[in-house]
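Listed below, chain by chain, are the residues.
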Amino acid sequence: MEKPIVLIVGGVDEEFYEILKPYAELKEILSEKLTEEIKNADILVVRGDVKVTREIIDQAPRLRFIARAGSGLDNIDIVHAEQKGIKVINAPDAPVDSVAELTIGLIISLARKIPSLDRHVKSGGWRGTWTTGVELKGKVLGIIGLGRIGVRVAVMAKTFGMQIIAYDPYIPKTKAEQIGVELVDDLSKLLKMSDFVSIHVPLTDETRNMIKSEELSLMKRGAYLVNTSRGAVVDEKALYIALSSRWLGGAALDVFTEEPPSNSPLLKLDNVILTPHIGGSTLEAQRKIAITIAGEILSFIRENWTELYTE
Ligand code: NAD
């Protein structure tokens, strides 16, 4: 029996190849080749930067399994895939610690202006009035979306003595209470109360453009916004106005509507910290992602290519 063909767009951690090499033909390609190569693939592995559209799926007569090497599934037309009997999986637990740690890093970087001060000292500068920061202790952190990453951020931020509130209409109050977080029942309340707001929702029709000028205007003057979830949750034009008018003290973004954000006016601002979608880019998270999806693919091969095991 022929081994299944696993098409890997962009590559994954080497553990993935070690686990699956005996059971599958592993083919690594660049995203430009996807349309051409998808025709022969049984299993597809993609990262978040590859769009698996209805058109791509329709060009793949053999495709039975799509693995997202990472967390969000917003780059895959899941409804269409599942209608065609294609199983879709991801590894949402794998990057949780890494994204939460980055979020905390960005919060501290904003509070203490670390990136600007680094540039300042390297260009010969030293302390001045603007170099004074703020402490996290006693400040209110508002978390939008108290899921896997939101909870982890809340637990870490509590250790700094921050007061944590959260807005998430889909979880029970008890979940928040268990970790000492106050759940608020509407987003505007959270925005008005918080010194720092951190976004951890999935990108859905409901959360797209969730934070626009109206929401930004409800935030405290001088407050900070952190987004490590998905770029399209925040209206970047509105954010640019809130930052350039100094309504907000600062913002830190790991994710953008368009990645990379080559034409974004945000690139010109000094009160925004930008990172290149590296929330899950740690050795540990990448390894956990590789092992998780390889395990799921292996089970799928075992169930569907049974003869490979009896030969
Ligand atoms: P999760 O599904 O565990 O949690 C999301 C939470 O958001 C859930 O509790 C859900 O109830 C809540 N939610 C959904 N809609 C909401 C709404 N309208 N208002 C308020 N809350 C709402 O997801 P997660 O694993 O914690 O991931 C959170 C985000 O982080 C996702 O967007 C994911 O794609 C992103 N992410 C980013 C990176 C990165 O590299 N920056 C890496 C991994 C995940």
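Values in this document were obtained by computation on a predicted structure and should not be read as measured data.

Colleague: So, the packing of aromatic side chains: which residues are in play, and what are the values?
Modeller: Scanning the entire structure with this criterion turns up 4 aromatic pairs. Considering the side-chain rings of Phe65 and Phe300, the 4.7 Å spacing of their centres and the 50° angle between planes classify their relative orientation as tilted. Here Phe65, found in strand β4 (residues 65-68), pairs with Phe300, found in helix α12 (residues 283-304); they are 235 residues apart in sequence, far enough to count as distant. Residue classification places Phe300 among the buried residues on the basis of a relative accessible area of 9%. In textbook terms, an aromatic cluster arises when at least three aromatic residues are bridged by ring pairs, as seen for Phe65, Phe300 and Trp305. Above the face of the Trp305 ring, Arg64 is positioned so that its terminal group lies 5.2 Å from the ring centre.

Colleague: So what about the site of the ligand? Which residues, and what values?
Modeller: As a matter of local geometry, the ligand sits amid 28 residues, with Arg148, Ile149, Asp168, Val201 and Asp254 nearest to it. Contacts to the ligand include Gly147, whose backbone N or O atom sits 3.4 Å from an oxygen atom. In this structure, Thr228 approaches the ligand through a main-chain N or O atom, which is 3.0 Å from a nitrogen atom. Coverage of the ligand by the protein amounts to 89% of the 870 Å² it exposes when considered alone. Taken together, the residues that form the shell around the ligand break down as 12 nonpolar, 11 polar and 5 charged.

Colleague: Lay out the pairing of strand β9 (residues 196-199) in plain terms, naming residues and giving numbers.
Modeller: Every second residue of β9 is oriented toward a common face, with Phe196 and Ser198 on one face and Val197 and Ile199 on the other, all of them buried. Where strand β6 (residues 140-144) meets β9, 4 bridges bridge the pair, whose relative direction is parallel. Bridging from a neighbouring strand, Ile144 pairs with Ile199 of β9. Bridge count for β9 against strand β10 (residues 224-227) is 4 bridges, and the pairing is parallel. Its bridge partner being in β10, Ser198 is matched across the sheet by Val226. Read as a crossover between parallel neighbours, the route from β9 over helix α10 (residues 213-218) to β10 is right-handed.

Colleague: Describe the domain arrangement of the protein chain, with residues and values.
Modeller: Partitioning the protein chain into domains gives domain 1 (5-92 + 283-308) and domain 2 (96-274). Across the boundary between the two partners, domain 1 contributes 6 residues, which contact 6 residues of domain 2. Taken together, the two surfaces of domain 1 and domain 2 that pack against each other cover about 460 Å², and 39% of this comes from carbon and sulfur. In terms of surface lost to domain 2, no three residues of domain 1 exceed Asp74, Pro92 and Ala285, which account for 74% of the buried area on that side. Our enumeration of links across domain 1 and domain 2 arrives at 2 salt bridges. Asp74 is the salt-bridge partner of Arg230, the closest N and O atoms lying 3.0 Å from each other. Of the residues belonging to the side of domain 1 that touches domain 2, the class tally is 2 nonpolar, 1 polar and 3 charged.

Colleague: Give a description of the packing of helix α5 (residues 96-112) against helix α7 (residues 148-158) that names residues and reports values.
Modeller: Direction vectors running N to C along α5 and α7 enclose 50°, while the axes themselves pass 9 Å from each other. The angle between α5 and α7 falls in the class oblique. For the element pair α5 and α7, the recorded crossing hand is right-handed. Residue-level contacts link Val96, Asp97, Val99, Ala100, Glu101, Thr103 and Ile104 of α5 to Arg148, Ile149, Arg152, Val153, Met156 and Ala157 of α7.

Colleague: Please set out the pattern of salt bridges residue by residue, giving values where relevant.
Modeller: Under the defined criterion, the tally for this structure stands at 15 salt bridges. Arg287 is the salt-bridge partner of Glu15, the closest N and O atoms lying 2.8 Å from each other. Of this pair, Glu15 sits in helix α1 (residues 14-20) while Arg287 sits in helix α12; the two residues are 272 residues apart in sequence, bridging distant segments of the chain. A residue is classified by how much of its surface remains accessible, and Glu15, at 24% relative accessible area, is partly exposed. Using a relative accessible area of 42% as the deciding quantity, one classes Arg287 as partly exposed. Look at the salt bridges and you will find they share partners, linking Asp97, Arg152 and Lys288 into a network.

Reading guide: rules and limits
Residues numbered from 1 in each chain as written. Predicted model: local features only at pLDDT ≥ 70, side-chain atom pairs only at ≥ 80, totals over all residues. Heavy atoms only, no water. Phe/Tyr/Trp six-rings, centres within 6.5 Å; stacked < 30°, edge-to-face > 60°. Helix = DSSP H or I, 4+ residues; strand = E, 2+ residues; numbered from the N terminus. Buried < 20%, exposed > 50% of the residue type's maximum accessible area, 1.4 Å probe, protein only. Lys NZ or Arg CZ within 6 Å of the ring centre and 35° of its normal. Near = heavy atom within 4 Å. Polar contact = N/O pair within 3.5 Å; in protein donor to acceptor, adjacent residues only side chain to side chain. Areas by Shrake-Rupley, 256 points an atom, 1.4 Å probe, with all protein chains shown as cover. Nonpolar A, V, L, I, M, F, W, Y, C, P; charged D, E, K, R; others polar. Pairing = 2+ DSSP bridges. Right-handed = clockwise from strand over helix to strand, strands pointing away. Domains from an automatic or database assignment. Contact = heavy atoms within 4.5 Å. Buried area = accessible area lost by both parts, 1.4 Å probe. Salt bridge = Lys/Arg side-chain N within 4 Å of Asp/Glu carboxyl O. Axes fitted to C-alpha atoms, helices over the stretch in contact; angles between N-to-C directions. Parallel < 35°, antiparallel > 145°, perpendicular 65-115°, else oblique. Left-handed = near helix turned anticlockwise from the far one by under 90°.

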